[in-house]
Amino acid sequence: MAVKELARQGLTVEIPVQGMTCASCIGRVEKAIRRIEGVTAANVNLATERASVSFGSADGDPQAVVEAIRDVGYEPMPATVELKISGMTCASCVARVEKALKRVPGVVNAAVNLATERATVRLFGSAEAVGRLVAAVEATGYEAEEVRVGVDRTDEERAAREAEIASLRTSLVIAAVLTLPVFALEMGSHFVPGVHEWIMATIGHRESWYLQFALTTLVLFGPGLRFFRKGLPALLRRAPDMNSLVALGTAAAYGYSVVATFARGILPAGTANVYYEAAAVIVTLILLGRFLEAKAKGRTSEAIKRLMGLTPKTARVVREGSVVEIPLAEVRTGDLVQVRPGEKVPVDGDVVEGSSYVDESMITGEPVPVQKAEGAPVVGGTINKTGSFTFRATKVGADTVLAQIIRMVETAQGSKLPIQALVDKVTAWFVPAVMAAAALTFLVWLVFGPEPALSFALVNAVAVLIIACPCAMGLATPTSIMVGTGRAAELGVLFRQGEALQGLGDVQMVALDKTGTLTKGRPELTDLIAAQGFGEAEVLALVAAVETRSEHPIGEAIVAAATHRGLELASVEGFEAVPGFGITATVHGRKVEVGADRYMERLGHPITAFASAASRLGDEGKSPLYAAIDGRLAAVIAVADPIKPSTPEAIAALHRLGLKVAMVTGDNRRTAQAIARQVGIDEVIAEVLPDGKVASVKELQAGGRRVAFVGDGINDAPALAAADVGLAIGTGTDVAIESADVVLMSGDLRGVPNAIALSKATIRNIRQNLFWAFAYNVVLIPVAAGALYPVNGTLLSPMIAAGAMALSSVFVLGNALRLRGFKAPVGSDTTSGAAAPAPRLARENDERGPPRRAIH
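Please read all numbers here as calculations on a predicted model, not as lab measurements.

A. Summary view of the overall build of the chain. When helices and strands are counted, the chain shows 30 helices and 30 strands. Burial analysis of the chain (856 residues in total) assigns 54% to the buried set. A sequence separation of at least 24 residues applies to 70% of the contacts in the chain between residues at least 6 apart. Accessible surface for the chain amounts to roughly 36300 Å². Of this, 57% is attributable to carbon and sulfur atoms.

Written out as structure tokens, the structure is:
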């Protein structure tokens, strides 16, 4: 952070401070700030949780203020500003803009993304901070504007992208039409027999050069003017970029040709050659590359465009007793919004009237429409299917679930991975190094090259300038991140930060919370085995009637199973709960007692008849209950939190990826081991208290093992934060889970192997891009300089160099776009969002038949 500049300018810096609760907190923070040398005034506001700090000394150090606040136990929180940057073309541009932003007083960090053309800046500053950021960018020769959260920029950005593509297409067509005759005149006379004689007999040798001069001038100062407008000012600022390389290369070839055409006498004998075709073809080929690059970059952000396109432009709102259609931006919290069949839900809210089925697949991944009635929540962007309903808006604008999803994806797409560090180091000196290499090439050929040495020196120096491609280096990482995170969003996987995209591919073990992650998170009746003389439906109806008076989740599960079966539940008399044992009541004159084995023993009902069944249920991780009717043991019942149908497949997929799987649960060890055997879990940490999950994660991380923890994102927040990568598994309303690095939109555990596989594919794609970008430059720059000439006489034409340079960027973008076709290793669940059916009970037993296990 350029902290000294703050002091020199005597600026006031606003620092948000978290953790203050009272006036004594204010006193401590102010006292700590005022002790810092250079601070002239400090004012801390508890209501706004901000510290306003003024500097008046050249020796002041605002960074010391931040550290002082931390030292007294509070956390300074920098603001985050996002800027749209226009005019960047290569990795050197990125480095230059980042450097300029980091010099702005108060900036903690700045990350610029070439593919998204965005800068994310974290800073401590006042209201004028954004203006200073924009001014810093513009001083380096680029354009910047603040991106405001929650503003729908879909149409604006699409129009800007289409305008850029249209401009490049027009320039490319004009350049190609003008370049073709130049190329045919010069190269045709060298390679096509008879063309030279035809030119000499018709146009004339000198006249041919004049014509090439005229056409090339139109190319360079028409379509090619964009390179000079950006490249030369950057050169004068001693901050050259890709445009500078193109401008220098084409200007050198063009200038030399002009001298050879109009003042050949000042050149050494035998060196008066023209290279108009090189200058014109270079401009045309680079325009072709830019055109293809712009189209490909547009495709990398299609996932965001589709997400933004899910929101309707208008909403039908009840205002003053009538329904009016208004722009979405005018919808306010508390408005009553009407949705007709086939329409999209405009914002988040709760249904107050009507009912319908709503397709929520864009949020949860579940293809089955969900019924919505009074009191049910609805999410903006989902599609109403059949009926119509009215709902009250609870979240609008940037607060909606869809807006949060878009913000997460944009944040991940704009972030930098650790793997990008090497690229940043290289690109900081790449363009100046290329220019130095071109100058050295020119001198070596001029001194040691064969005659005409000046011509060889010029051609090879131009080839070095043109072959270098910082564009490919700058696009290698961000394009893969954009496409990868966009594809992940389509699969219901949201990377909250780009670092998780790389970290997830490196994990060696996946630790899973049990309740709500491996299991459905709600108890269900799984088994009911009736004794001889009792029918299962009869027992279930009586037990469920008693359980209607109980508030225990087990009772709720039994009642739900009976209701689903359509059984009539009679009224209950004499209900009594025996704490720690069970419950008893009278139903239609029949005494019903329900409880654990110790309750049956206390009542004098032997349970030996169900010993084998109880043992089997225990081995399956279920806790048996017993029911006695009219003084006789009637049935054994098992209620458990059932494993999600997708869980075994998800764990098998993790094993196929070479990962170990652990389960962290508060259940007793026997139950936990039983569940682990059923689904194939490798390691079990059982009987963990709620606050012990962090210790469990650290235990798994012993020996340097990288661990990903998967939980529900709320109860497991500390463990999610402690793991190398935290994955929150939940439904659409849980997307803003701050403690997780990755959010899985549906409750389907198969999203975990899909996320890991996509992470590995994206990092592999990035490595391929970086290898190509670096290898291309490392190999071809020496070739362009003429390194192979002493060996086999090979020289690289500047035209071939321009084509290779354009191909390099297009190759990187094309390789990144392959991630759009990523196939998830396991499919998405199609039933996890639907209500789970109650178990199908076996046919009622008659007096002669043996007890039957419930079929479920």
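Now that the structure is up, let's keep going.
B. Looking closely at the UniProt feature "transmembrane region" (unreviewed entry) in the chain. As recorded in UniProt, the sites labelled "transmembrane region" (unreviewed entry) are residues 168-188, 208-225, 245-267, 273-292, 426-448, 454-477, 770-789 and 795-813. A distance of 24 Å separates the end C-alpha atoms of residues 208-225, which is 78% helix and 0% strand. As a span, residues 795-813 carries 84% helix and 0% strand, and end to end its C-alpha atoms are 28 Å apart.

C. Quick peek at a nonpolar patch on the surface. Together, Leu440, Val444, Leu446, Val447 and Phe448 make up an exposed nonpolar region whose accessible area comes to about 520 Å². Among the secondary structure elements, Leu440 is positioned in helix α15 (residues 420-448). Taking relative accessible area as the criterion, Leu440 reaches 54% and is therefore assigned exposed.

D. Here's a closer look at the nonpolar core. Counting 140 residues, the largest nonpolar core has Leu101 and Leu727 as the members making the most contacts within it. In terms of residue count, helix α28 (residues 751-785) provides more of this core than any other element does, 14 residues in total. Here Leu727 is in contact with Leu504, Ala708, Phe709, Val710, Gly711, Leu720, Ala740, Val742, Leu744, Val752 and Ala755, once residues within four sequence places are set aside. By size, the runner-up hydrophobic cluster in this structure holds 43 residues, among which are Val546, Ala562, Leu633 and Val636.

E. View of empty space enclosed by the protein. Summed over the entire model, instances satisfying the criterion amount to four cavities of 30 Å³ or more. Taken together, Met242, Ile286, Gly289, Arg290, Glu293, Cys471, Met805, Ala806 and Ser809 make up the full set of residues lining the second largest cavity. Ranked by the residues each element gives to the lining of the second largest cavity, the list is headed by helix α11 (residues 276-300), at four residues. Considered class by class, the residues forming the lining of the second largest cavity number five nonpolar, two polar and two charged.

F. Main features of the pattern of salt bridges. One pass over the full model with this rule turns up 14 salt bridges. Note that Lys372 is salt-bridged to Glu360, the shortest N-O span being 2.9 Å. Of the two residues, Lys372 sits in strand β14 (residues 370-372) while Glu360 sits in the loop between β13 (356-359) and α13 (361-364), which places them 12 residues apart along the sequence. Considered together, Lys372 and Glu360 belong to a single accessibility category, that of buried residues.

G. Representation of the sheet that holds strand β12 (residues 348-354) in the model. Strands sit in the order β10-β9-β11-β17-β12-β15 across an open sheet of six strands; the sheet is antiparallel. Where the open sheet ends on each side, the last strands, each with one partner, are β10 (322-327) and β15 (377-378). As judged from the six bridges shared by strand β9 (residues 314-319) and β10, these two strands associate in the antiparallel manner. Looking at β10, one finds that Ala315 is bridged to Ile326.

H. Up close: the environment of Ala577. Tracing the sequence through the fold places Ala577 in strand β21 (residues 572-578). Among the residues examined, Ala577 registers a relative accessible area of 48% and is labelled partly exposed. Distance from Ala577 to Val594, taken between C-alpha atoms, is 9.8 Å for residues 17 residues apart in sequence. Aside from chain neighbours lying at most four places away, what touches Ala577 is Gly582 and Ile583.

I. Geometry of the sheet that holds strand β28 (residues 707-711). Here we have seven strands laid out as an open sheet, ordered β18-β30-β29-β28-β19-β26-β27, and mixed in their pairing. Only two strands of the sheet have a single partner each, and these edge strands are β18 (493-495) and β27 (683-685). Put simply, the sheet's adjacent strands are angled 20° from each other on average, direction ignored. Inspection of the sheet shows strand β26 (residues 660-664) paired to β27 by three bridges, in the parallel sense. Within β27, the position partnered with Val664 by the bridge is Ile685. Lying over the sheet, helix α25 (residues 669-679) contacts β26 and β27, oriented at roughly 150° with respect to β27.

J. Inspection of helix α23 (residues 611-619) at higher detail. Turning to α23, its buried residues are Ala613, Ala614, Leu617 and Gly618. Relative to the axis of α23, the buried residues are bounded by an arc of 135° and lie together on one face. Residues of α23 that are buried make contact with β20 (524-530), β24 (623-629), β25 (632-640) and α25.

K. Spotlight on the packing of helix α9 (residues 225-236) against helix α10 (residues 242-262). Running from N to C, α9 and α10 point in directions that differ by 105°, and their axes come no closer than 7 Å. Between α9 and α10, the angle falls in the class roughly perpendicular. Contact residues: α9 offers Phe227, Phe228, Lys230, Gly231, Leu232, Ala234 and Leu235, while α10 offers Asn243, Ser244, Val246, Ala247, Leu248, Thr250 and Ala251.

L. View of the packing of helix α17 (residues 470-490) against α28. The contact between α17 and α28 brings their axes to 9 Å, and the two run at 165°. Considered as vectors, α17 and α28 are oriented roughly antiparallel to each other. As for the relative orientation of α17 and α28, their crossing is right-handed in sense. For the pair α17 and α28, contact is made by Ala472, Met473, Ala476, Thr477, Thr479, Ser480, Ile481, Gly484, Arg487 and Ala488 and by Leu758, Thr762, Asn765, Ile766, Asn769, Leu770, Ala773, Phe774 and Asn777, respectively. Classifying every residue of the contact of α17 with α28 gives 10 nonpolar, eight polar and one charged.

M. Broad picture of the side chain of Thr400. Along the chain, the position of Thr400 falls in the loop between β17 (389-395) and α14 (401-414). At 3.3 Å, the side chain of Thr400 forms a polar contact with the backbone oxygen of Gly397. Residues contacting Thr400, with those up to four places away along its chain left out, are Val347, Asp348 and Lys395.

N. Spatial organisation of unusual backbone geometry. Across the junction of Glu451 and Pro452, the peptide omega takes the value -5°, indicating a cis bond. Along the chain, Pro452 turns up in the loop between α15 and α16 (453-467). Although it is not a glycine, Glu320 sits at a positive phi angle of roughly 55°. On the secondary structure map, Glu320 appears in the loop between β9 and β10.

O. View of the pairing of β28. Of all five residues that make up β28, five are buried, and the element is covered over most of its length. By the alternation rule, side chains of β28 split into Val707, Phe709 and Gly711 and Ala708 and Val710, which are all buried. As judged from the four bridges shared by strand β19 (residues 509-513) and β28, these two strands associate in the parallel manner. Bridge pairing in β28 places Ala511 opposite Phe709. Two strands pair when backbone bridges link them, and β28 and strand β29 (residues 725-729) are joined in this way by four bridges, in the parallel orientation. Pairing of Val710 across the sheet is with Leu727, part of β29.

P. Up close: the pairing of β24. Here β24 lies mainly inside the structure; five of its seven residues are buried. Bridge count for strand β23 (residues 590-595) against β24 is four bridges, and the pairing is antiparallel. Its bridge partner lying in β24, Val594 is registered against Ala627. As paired strands, β24 and β25 are joined by seven bridges and run antiparallel to one another. Residue Ile629 lies in a different strand from β25, and its bridge partner there is Arg632. Between β24 and β25, which follow one another and run antiparallel, lie two residues, and Asp630 among them has a positive phi close to 55°.

The rules behind each value
Residues numbered from 1 in each chain as written. Predicted model: local features only at pLDDT ≥ 70, side-chain atom pairs only at ≥ 80, totals over all residues. Heavy atoms only, no water. Helix = DSSP H or I, 4+ residues; strand = E, 2+ residues; numbered from the N terminus. Buried < 20%, exposed > 50% of the residue type's maximum accessible area, 1.4 Å probe, protein only. Contact = heavy atoms within 4.5 Å. Areas by Shrake-Rupley, 256 points an atom, 1.4 Å probe, with all protein chains shown as cover. UniProt positions renumbered as here; feature names shortened; annotations may be inferred. Patch = residues over 30% accessible without salt bridge, like charges linked within 9 Å, V, L, I, M, F, W, Y side chains within 5 Å. Salt bridge = Lys/Arg side-chain N within 4 Å of Asp/Glu carboxyl O. Core = buried A, V, L, I, M, F, W, Y, C linked by side-chain atoms within 4.5 Å. 1 Å grid on protein atoms, 1.4 Å probe; cavity = no way out; pocket = protein on both sides within 12 Å on 5 of 7 lines; lining within 4 Å. Points joined across faces, edges and corners; volume = space filled by probe spheres on them. Nonpolar A, V, L, I, M, F, W, Y, C, P; charged D, E, K, R; others polar. Pairing = 2+ DSSP bridges. Axes fitted to C-alpha atoms, helices over the stretch in contact; angles between N-to-C directions. Arc of directions from axis to C-beta. Parallel < 35°, antiparallel > 145°, perpendicular 65-115°, else oblique. Left-handed = near helix turned anticlockwise from the far one by under 90°. Polar contact = N/O pair within 3.5 Å; in protein donor to acceptor, adjacent residues only side chain to side chain.

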